Amino acid sequence: MTKAEPALVVQGLCKSYPLPGGGRTAAVDDVSFSVAAGGSLGVVGESGSGKTTVARMLVGLVRPDAGTIAVNGRERTPGQRGGGKLPGLSRPGGGKAARLRRAREIQIVFQDPYVSLDPRLTARQCLQGALRLHGRYEGEAAATRVGELLDQVGLGKREADARPRGLSGGQRQRLAIARALAVDPQVLVLDEAVAALDVSIQAQILQLLADIRRETGVALVFVSHDLAVVRHITDDTLVMRRGRTVETGPTARVLDAPKDPYTRLLLSSVPREGWDPAETVRLRGELAGATRAD
Amino acid sequence: MTTLTAGALLPVKVRARRPVPVMVAGGFLALVVVAAVFAPLLAPYAPDAVDLSASLAGTSPEHLLGTDASGQDLLSRVLYGARSSLLAPLALLALAALLGITMGTVAAWYGGWVDTLLSRVTDVMYAFPGLLFVVLVIAVFGDGLTTSVVAMGLAYAPTIARYTRSLALSERSKPYIDAYRVQGMGGARICVRHLVPNLSGALVGYLVVLFGEGLMSLATLSYLGFGAGSPSIDWGLMVQEGQDAVVQGALLPALVPGTAIAAVVVAFNIVGVWVSDRLGQGR
């Protein structure tokens, strides 16, 4: 596989939700991007820009209204609407084998490690469960693999037998990353994965993710509102606003020489030396005015 | 120099964790269970030993709690009666919990019309007076302890289903459940292996409270003559058999089993509330 061949290709992704008063609001509107194998894409935008909806569509927790998601050239079957036996949850068709195959394509790390881990299971049980489900490691091999995974994310013997409540926020997020890696995914989606951690822990987790990307060649999709984080860890950046893509390109170019006024606004919103909050508020007002005039 | 009692320097919250009523209630229930198990060893007389010469005797060294109209020893009968009075609610709850937890979880997990259907069925059963439903079932299938246990089990299921549904709905929305789905785990396995076990703390507390209620309902049925019938020994039945003696001025034949029922029900309530407080709040 050449480096140029994309691991993840997303085309024309759309999702809208009904509004209480009637009509619909577009949470995600015609978003397309691709991530190279071993590459790293940042999806940035403020709250409500639709970036989390994109993340949830990638892993199949939300069914797109339109658009395709392909991993290694293979389209993820979105499950026929109403094809499931029962309504409610999105139920991608294809039975257990297809479900497990999809799981090995894309995994996710959620924002809040305090609620994204099963409170009843120790770190070891959590990872064993994932391995057993996929049935690729048995007995001794599974135990060895659990050890490798814990080692890979920097969790020790004590943490292995602790339940989530006995772990710190950073340790929990490490476990969540190990759980995602347990199924050997092609693509790892990180949905604000460091936002709930304090700054020094953030840096450790980002370093860990960079190492993992280098070692395993997994492609990262980094959903975040934090531009500093995105600059640190991604090759390319996609800026979203109100469900639409406003700018995309190499991270350094987008963040250093933004073409779109919204990207400039996002950048100016980051507190720094000599920062003037009033300026940000003024820019925001101008942008809102310009959008309304469209 | 002032003296401090032990624990006086502990923060109030820590001290409050020593729940005296709960310990008393729990200890009492443990005693009742021991009494039921070892009734043959503890009881001074056979529970059905008739001694008409000692009819309606008051408390005495021979009969610590007195006797009933047939001269049967009330202490022995209360000890033996604990067996069916505890086992029957247990069977009732097992049935009700199996049905209720399954219905509640399925409704919460699938949502949509499945939820609507199950919730409406539950509402209808809920709105129908439980005891009336049970009497109806007994009228159709005949009386007896088994029929009342099964009927009560069906009557209790909707309550448990409702409670389970509300718990499961909030649990289902937690990201760790999403993580299992992304892992490729099927819905049934997530529910059985992970979702319901995570509700077990709150559910167990609730079931303990319901156990007391179930015991009382079954005693009521026995008292009304629909449940356990003579010659079986059951607290509710004992109250019914003892009420004629009240007119003759002997309170004990009705009072002893009645007190046993009341004390056990109250104890189960205290313990149940404590258990759901302790286990229900996330770990």
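Residues numbered from 1 in each chain as written. Chains lettered and ligands numbered in written order. Predicted model: local features only at pLDDT ≥ 70, side-chain atom pairs only at ≥ 80, totals over all residues. Heavy atoms only, no water.

## Concerning the sheet that holds strand β4 (residues 66–71) of chain A
Residue and element names in this part refer to chain A.
Right, on to step 1. Strand order in the open sheet formed by four strands is β2-β1-β4-β5, and the pairing between neighbours is antiparallel. Each of the sheet's edge strands pairs with one partner strand only, and the pair in question is β2 (24–36) and β5 (74–75).
Right, on to step 2. The strands touched by helix α1 (residues 51–59) are β1 (6–18), β2 and β4; relative to β1, the strand with the most contacts, the crossing angle is about 120°. (Pairing = 2+ DSSP bridges. Helix = DSSP H or I, 4+ residues; strand = E, 2+ residues; numbered from the N terminus. Contact = heavy atoms within 4.5 Å. Axes fitted to C-alpha atoms, helices over the stretch in contact; angles between N-to-C directions.)

## Description of the domain arrangement of chain A
All names here are of chain A.
Right, on to step 1. Taken domain by domain, chain A consists of domain 1 (6–116 + 185–259) and domain 2 (260–294).
Right, on to step 2. The straight-line distance from the C-alpha centre of domain 1 to that of domain 2 is 25 Å.
Right, on to step 3. Each side of the interface is counted separately: domain 1 has 14 residues, and domain 2 has 11 residues.
Right, on to step 4. Buried area between domain 1 and domain 2, both sides added, is near 1100 Å², and the carbon and sulfur share of it is 60%.
Right, on to step 5. Three residues stand out in domain 1 for area buried against domain 2, namely E46, L227 and R241, and they jointly supply 45% of the buried area on that side.
Right, on to step 6. Across the domain 1-domain 2 interface, the total number found is one salt bridge.
Right, on to step 7. Residues R284 and E46 are paired through a salt bridge, measuring 3.0 Å at the closest nitrogen-oxygen approach.
Right, on to step 8. Across the domain 1-domain 2 interface, the total number found is six residue pairs in polar contact (both at pLDDT 80 or more).
Right, on to step 9. Mapped onto the side of domain 1 that touches domain 2, the elements with two or more residues apiece are β9 (236–241), β10 (244–250) and α9 (251–256).
Right, on to step 10. Sorting elements by how many residues they give to the side of domain 1 that touches domain 2 places β9 first, with three residues.
Right, on to step 11. Taken together, the residues of the side of domain 1 that touches domain 2 break down into eight nonpolar, one polar and five charged. (Domains from an automatic or database assignment. Buried area = accessible area lost by both parts, 1.4 Å probe. Salt bridge = Lys/Arg side-chain N within 4 Å of Asp/Glu carboxyl O. Polar contact = N/O pair within 3.5 Å; in protein donor to acceptor, adjacent residues only side chain to side chain. Nonpolar A, V, L, I, M, F, W, Y, C, P; charged D, E, K, R; others polar.)

## So, the UniProt feature "transmembrane region" (unreviewed entry) in chain B
Residue and element names in this part refer to chain B.
Right, on to step 1. Annotation from UniProt places "transmembrane region" (unreviewed entry) at residues 20–43, 86–110, 130–157 and 246–275.
Right, on to step 2. In the segment residues 20–43, helix accounts for 92% and strand for 0%; the C-alpha atoms at its two ends are 30 Å apart.
Right, on to step 3. Taken end to end, residues 130–157 has its terminal C-alpha atoms 11 Å apart, with 89% of it in helix and 0% in strand. (UniProt positions renumbered as here; feature names shortened; annotations may be inferred.)

## Quick look at the interface of chain B and chain A
Right, on to step 1. Each side of the interface is counted separately: chain B has 24 residues, and chain A has 29 residues.
Right, on to step 2. Taken over both partners, the interface formed by chain B and chain A buries close to 2500 Å², and the fraction arising from carbon and sulfur atoms is 60%.
Right, on to step 3. In this assembly, chain B and chain A are joined by one salt bridge.
Right, on to step 4. Between R56 of chain A and D178 of chain B there is a salt bridge, and its shortest N-O distance comes to 3.1 Å.
Right, on to step 5. For the side of chain B that touches chain A, the secondary-structure elements that each account for two or more residues are α4 (74–110), α5 (112–127), α8 (175–183) and α9 (187–224) of chain B.
Right, on to step 6. Broken down by element, the side of chain B that touches chain A gets its largest block of residues, eight residues, from α8 of chain B.
Right, on to step 7. Split by residue class, the side of chain B that touches chain A holds 11 nonpolar, six polar and seven charged.

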